[in-house]
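Chains, contacts and geometry: an overview
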Amino acid sequence: MSIVRNIAAISKGMSITFKEMFQPTEVENYPDGPGPTRGAVLQDRFRGAHVLQRDENGLEKCVACFLCAAACPSNCIYIEAAENTAENRISSSERYAKVYNIDYNRCIFCGYCVEACPTDAITHGHGFELASLNATNLVMRKEDMLVPAVGMPGELAAHSDSVK
Amino acid sequence: MADVTFTVDGKKLTAPAGTLLIDACKAVGIEIPAFCYYPGLSLQAACRMCVVRIEKMPKLQTACTTTVAEGMVVQTETDEIKQARKATIELLLGNHPLDCPVCDAGGECELQDMTFKYGAAESKYVEIKQHREEQQWSPVVFFDRPRCILCYRCVRVCGEGMDVWALGIQNRGVSAVIAPNGQDHLECEECGMCIDICPVGALTSGTYRYKTRPWEMTHVATICTHCGDGCKTTLGTRRSNDGMEIVRGDNRDKSGINGDFLCIKGRYAFDFANRTERLTKPLVRQADGQFKEASWSEAIDFAAKRLREIRESKGGQAIGVIGSNRTTNEENYLLQKFARTVLGTNNIDHHRTVDYVSFAAALAGKSERTASLRDTANAPAILLLGNDPTEQHPALAWNLRSNVRLNRARIYIANHAEIKLRRQAKQFLEIPKDGYASLVQYLAGNDSVVAANEQTAAFRDAIRKEESLLIIFGSEFRGRDIQALVEFGLSLPNTKFVLLGDYANSRGAADMGLLPDTLPGYVPVASAAHFADEYGAVLPQNAGLDLLQMFDAAQSGNLAALYVVGSNPVTRYGVDPAVLKNTFVIVQDMFLTETAQLADVVFPAANLYEKAGTVTNTYGDIQLVKKAADKAGVRSDFELIVRLADRMGADLKKLVPFGRGVRADMGQTRGAQSGEADRHSVWLAAHGLEPKLSPFDPFATLDEIQRLVPSYSFSRLELLAGSDQHAKSELVQISAAPARRDLVLPSQDTLFTSGTLGRYSDKLKEVLDSHTTPKPVEAAAD
């Protein structure tokens, strides 16, 4: 009976092969495709380069609690905290991140930092074109990761750290 | 008291009757949580966290107020108790903001820990939290009212512990709030004990707030560089652009000789290390009289060449050396060895704040006669003559206050001023400023020397009745007066002595022979046989010039070179800058002090927080100094002396006995390092010494100190484990104090000053300013 069982198994496998042969092909035409991702199709859950978010008032969500740095298994997040003042308000809480660097030489895109963040300040974007010929370019500063301050009240934009 | 036996969680325990249940449990490792209970302070029973079930008692009982009793059966962790604690935390969190991510206490918060343990993460209370803006109470104390859980620890430590009573409670019940005594600000000693003791983040520190998180720092426990008490301070450091920067000083694990206590200087006055104007490059004076930055090899070559020329043309007696009160024992020892063997001179001195030589001579051969700082916390009777510990020895003052409060110690004080500690004194005697010596004669039985009255008679009678007395005295006693005081003390049974000097290692400087007439261990220079054998050199036999004589010699043109290590004698002794114009001056310091401004070569030096070694506090407790911070461009005084000696052609193997034995420095002296700053290994590699030892190893010098100075024969293991070791004064080989001027110049520091070093601390300056210019009283704190 083993011959019958073997033939059944092979024909089951081959049926999938032949069925797929007649399906239309699906090619991601990256990098020559249309749109901002140039043809790359990314799932929502894809963990790409980090984005630092702002709140509804345009203030930075990050309060420099260091929990992302503590959660990071590859030790790639470097933060320096500073205190907000009435004249120079960067985040909505008492403290903000004066320096926030992620070293993409080391980052393994595990997403622990995003999970750890109590203010939903750090998120994974869909940026994946991170390759560089110079390793020093791979240390991203806060200004590189912060969402642009467009569309927020001019007053706040003037005080923002963002260069964009 | 008699022991009682009781049962906790099924374990049979024994403790003296009268012990609090919470303490008895802690002693055997059963931890009962509590916010308001703090050992040594009065009982509050405010937080209700320590509730336990005691059989035959109708309700849950607070373990912090219940004393153990015979046959008691206690449960500390049942479902019922967990439920009660959870409910307590829920109530505490009712108005506690959920700002843990920004709160300074986050990560070391007792409320956070308890919430995790008992799981009161969700609350059934829907009331809106009351927010209040943060208040600044002083340059170093900030108060965030909503975070406060009203445990009253700060109120009690300020009142009972510090005897300052600057904090209190306003209002009652749910509107109760901690408030400062100066309406909207604190009028206090700025010790920061309230911040330290706060179980949550309600009281935060002005130097540390919002800078970093506890787990982000490297914590290094070392010895405070300021006064002579030698408290342990734990420095939190983090990497910076040029090394490791100190972000916080506190009493993190309370394992030091200071117990619970730390004053403003140990807690906040580390900021001199982070000043931008610190020297990081050697300076050499050019022909035009201006300083120019030079490379290390240029500067050391230049200094060594000039010193060698002067030694060869004019001899060692034309060179003077001034040491420091804040360098380690190893550095002090090495400096005197360098002066006596390489430079060939006994012209070595330091800023003396008390007369340790006479003290050592008076106690020579008498064992168990000096007290540790620890002894001041449990001595039954204390006689305090002179000094003002509240200002100059805050840890001693804390110990004395605690001793009165907890052990009912009897303190007798005689002083020319109404010092604050008189409030704890059993008897206080105000005497004239020059009346200390005659008071001792009077105490010894000579009635004619003072205007005796009932008060003085009662004072004398009380002291003479004491069976175990600790005599603490300050710089008011010198030379023969110390001798007389010690003789009087020894006429009573079981007397111990403490001499109060001013700086972190003043005692070590004297012990290590930074004096013109004594070698390490107070051995007179004339009888230096075993030192000469060990050093393999001919040591100068005659006493050298003391500090003032050096400047006199400089004025008359007889001092060709002066080597100053970590000291500012020009300001301290009011030296006219013109005096040094024909002297070749080398200065090692952190800053361009008044003395450094007159120098020909200035080497940027590391401070006590940036090096390893040992220091001796004024009580004779020897403690380990660990390297915490690091700054690119500076070098330790130890390394500088070694390099200078090397360039002068000295045999380094003789100067630092490295490469012997197995007591290797396996990197302990280097501390946390960043980047290329690992000079230790650079030197090793350059000389093919990698697997052995380096001449920058202070522990090699400690080996030699322990060989040659019998009073320093302590257990190295205990020292490295972080314990304090008491110097053995009975082993000091000195027969009588040499006849000489004592040259004692007390530093006259207060709580907010610390010699030249204190001037470079912004925080001390800010606090000092806030105390000298009182704020106008405005609205109430609330």
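Residues numbered from 1 in each chain as written. Chains lettered and ligands numbered in written order. Predicted model: local features only at pLDDT ≥ 70, side-chain atom pairs only at ≥ 80, totals over all residues. Heavy atoms only, no water.

Side note on the domain arrangement of chain A
One can read the domain layout of chain A as domain 1 (1–41) and domain 2 (50–161). Using C-alpha coordinates to define each centre, domain 1 of chain A is positioned 41 Å away from domain 2 of chain A. (Domains from an automatic or database assignment.)

A closer look at the interface of chain B and chain A
Of the residues lining the interface, 15 residues belong to chain B; the matching set on chain A comes to 15 residues. Carbon and sulfur atoms supply 55% of the area that chain B and chain A bury against each other, a total of about 1200 Å² over both sides. If you sort the residues of chain B by the area they bury against chain A, Pro 101, Val 102 and Tyr 210 of chain B come out on top, with a joint share of 43%. Of the charged contacts, one joins Arg 209 of chain B and Glu 83 of chain A as a salt bridge, the two residues approaching to 2.9 Å between their closest N and O atoms. In terms of residue class, the side of chain B that touches chain A is built from five nonpolar, one polar and nine charged. (Contact = heavy atoms within 4.5 Å. Buried area = accessible area lost by both parts, 1.4 Å probe. Salt bridge = Lys/Arg side-chain N within 4 Å of Asp/Glu carboxyl O. Nonpolar A, V, L, I, M, F, W, Y, C, P; charged D, E, K, R; others polar.)

Structural notes on the side chain of Thr 701 of chain B
Residue and element names in this part refer to chain B. The topology assignment puts Thr 701 in helix H23 (residues 698–708). A relative accessible area of 1% places Thr 701 in the buried class. Look past the residues within four positions of Thr 701 in its chain and what remains in contact with it is Glu 330, Tyr 333, Leu 334, Phe 638, Val 656 and Pro 657. (Helix = DSSP H or I, 4+ residues; strand = E, 2+ residues; numbered from the N terminus. Buried < 20%, exposed > 50% of the residue type's maximum accessible area, 1.4 Å probe, protein only.)

Things to note about the nonpolar core
Grouped together as the largest cluster of nonpolar side chains are 76 residues, with contacts concentrated most on Phe 35, Leu 111, Leu 167, Leu 203 and Ile 472 of chain B. Take this core: its biggest share by element is five residues, from helix H11 (residues 394–407) of chain B. (Core = buried A, V, L, I, M, F, W, Y, C linked by side-chain atoms within 4.5 Å.)

Some details on the sheet that holds strand S29 (residues 621–625) of chain B
All names here are of chain B. The three strands are arranged S28-S29-S31 in an open sheet whose pairing can be described as antiparallel. The sheet terminates laterally at strand S28 (613–616) and strand S31 (725–726), the two strands that pair on one side only. Sheet topology note: the S28/S29 ladder contains four bridges and is antiparallel. Opposite Gly 613, over in S29, you have Val 625 as the bridge partner. Packed on one face of the sheet, helix H8 (residues 329–343) meets S28 and S29 and runs near 90 degrees to S28. (Pairing = 2+ DSSP bridges. Axes fitted to C-alpha atoms, helices over the stretch in contact; angles between N-to-C directions.)

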